[in-house]
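Chain by chain, the residues:
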Amino acid sequence: EWTAAWWRWAISMPIASHPLFDTADCNAGQAGPVWFLGGAFTGSTTTRHCTVAAGRAILFPAVNAECSDIEPPPFFGGTEQERRDCAAAFLDLATDWFATLDGSPLPMSRVQSPDFSFSAPADGLFGPDPVSGLSVSDGYWVFLTPLSAGIHTLHFGGMFPGFPLDG
């Protein structure tokens, strides 16, 4: 459920004010007990300075993929099983995924989300018009319990063919 919530967060904002496009602060769209972080949707290495409120867990993917019933192929899945197969096939292409906290490796888990509904705004990830649909994601995820007060460095990423991820 948390990975579906992460995607709902990532899909919920227009590109012009989106932290994963570096057009908004890290705090954009953050609410609830878990703080979401992600790499750059820009395809370039990104360094961000974020302040996470005390007591909040952190969820982020080293690498992930999603397929929905509104995207064109190859990211289209008309049924839940097609969306599952699509997201898994893309994630199977990922290599060299990693995550570290203050230089120490972090454990991560491959998690496939439940089939979830989403709504995307105008000028969002899915184009100029607002849309709603169903999606499934698959990814290598890290879920951190609240960190101690102070400055910490998270580094994570991986590689899809022709598309490096380094956040």
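Everything discussed here concerns the structure shown above.
Because the structure is a prediction, the values reported are computed rather than measured.

A. Structural view of the overall build of the chain. Looking only at helices and strands, one finds two helices and nine strands in the chain. Across the chain, helices and strands are ordered from the amino to the carboxyl terminus as α-β-β-α-β-β-β-β-β-β-β. Relative to the 2.2 N^0.38 estimate, which gives 15 Å for 167 residues, the radius of gyration of the chain is 15 Å and therefore close to what a compact globule would have. Overall size of the chain, expressed as C-alpha extent along the three principal axes, is 45 × 30 × 30 Å. Buried positions account for 41% of the 167 residues belonging to the chain. Nonlocal contacts in the chain, meaning residues at least 24 apart in sequence, comprise 64% of its contacts between residues at least 6 apart. Accessible surface for the chain amounts to roughly 8100 Å². Of this, 60% is attributable to carbon and sulfur atoms.

B. How the structure looks around the environment of serine 68. Position of serine 68 among the secondary structure elements: in strand β2 (residues 57–68). The exposure class assigned to serine 68 is buried, which follows from its relative accessible area of 0%. Residues serine 68 and valine 52 lie 16 residues apart in sequence; the distance between their C-alpha atoms is 30 Å. With sequence-adjacent residues up to four places away left out, serine 68 is seen in contact with Phe75, Phe76, Gly77, Arg83, Phe118, Leu134 and Ser135.

C. Summary view of empty space enclosed by the protein. Counted according to the given criterion, the structure contains one cavity of 30 Å³ or more. Space inside the largest cavity adds up to approximately 30 Å³.

D. Geometry of helix α1 (residues 2–11). Here α1 lies mainly inside the structure; seven of its 10 residues are buried. Restricting attention to buried positions, one finds in α1 the residues Thr3, Ala4, Trp6, Trp7, Trp9, Ala10 and Ile11. Taken together, the buried residues of α1 touch β1 (34–36), β2, β5 (109–112), β6 (116–120) and β7 (131–144).

E. Region of the structure containing the pattern of salt bridges. A full pass over the atoms with the stated rule returns five salt bridges. The residue aspartate 22 makes a salt bridge to arginine 48 at a minimum N-O spacing of 2.9 Å. Of this pair, aspartate 22 sits in the loop between α1 and β1 while arginine 48 sits in the loop between β1 and β2, and the two are 26 residues apart along the sequence. Take arginine 48: its relative accessible area is 22%, and that puts it in the partly exposed class. A salt bridge links arginine 84 to glutamate 80, with the nearest nitrogen and oxygen atoms 2.9 Å apart. Of this pair, arginine 84 and glutamate 80 both sit in helix α2 (residues 80–91), four residues apart, which is roughly one turn of that helix. For arginine 84, a relative accessible area of 18% corresponds to the buried category. Of the residues examined, glutamate 80 reaches a relative accessible area of 37% and is grouped as partly exposed.

Rules of the game
Here the residue numbering is sequential within each chain, running from 1 through the sequence in written order. pLDDT decides what is reported in this predicted model: residues at 70 or higher carry local features, side-chain atom pairs at 80 or more are listed and counted, and totals for whole chains, interfaces and linings draw on all residues regardless. Heavy atoms throughout the structure, all of them, feed into the side-chain values; hydrogens and water do not. Only DSSP runs of H or I covering at least 4 residues are called helices, and only runs of E covering at least 2 are called strands; the numbering of each starts at the N terminus. Both definitions apply: the radius of gyration is a C-alpha atom measure, and the globule rule equals 2.2 Å times residues to the power 0.38. Three exposure classes are used, based on accessible area relative to the maximum for each residue type with a 1.4 Å probe and protein chains only: buried under 20%, partly exposed in between, and exposed over 50%. Only heavy atoms enter the contact rule, under which two residues are in contact if any of them lie within 4.5 Å. In short, Shrake-Rupley with a 1.4 Å probe defines the accessible areas, and a residue's cover is counted only from the protein chains shown. Put plainly, a pocket is an open set of points on a 1 Å grid over the protein atoms alone with protein on both sides within 12 Å along at least five of seven lines, a cavity is a set where a 1.4 Å probe fits but cannot get out, and a lining residue has an atom within 4 Å of a point. Grid points are joined across faces, edges and corners, and a volume is the space filled by probe spheres set on the points. Salt bridge, as used here: a side-chain nitrogen of Lys or Arg that lies within 4 Å of a carboxyl oxygen of Asp or Glu.

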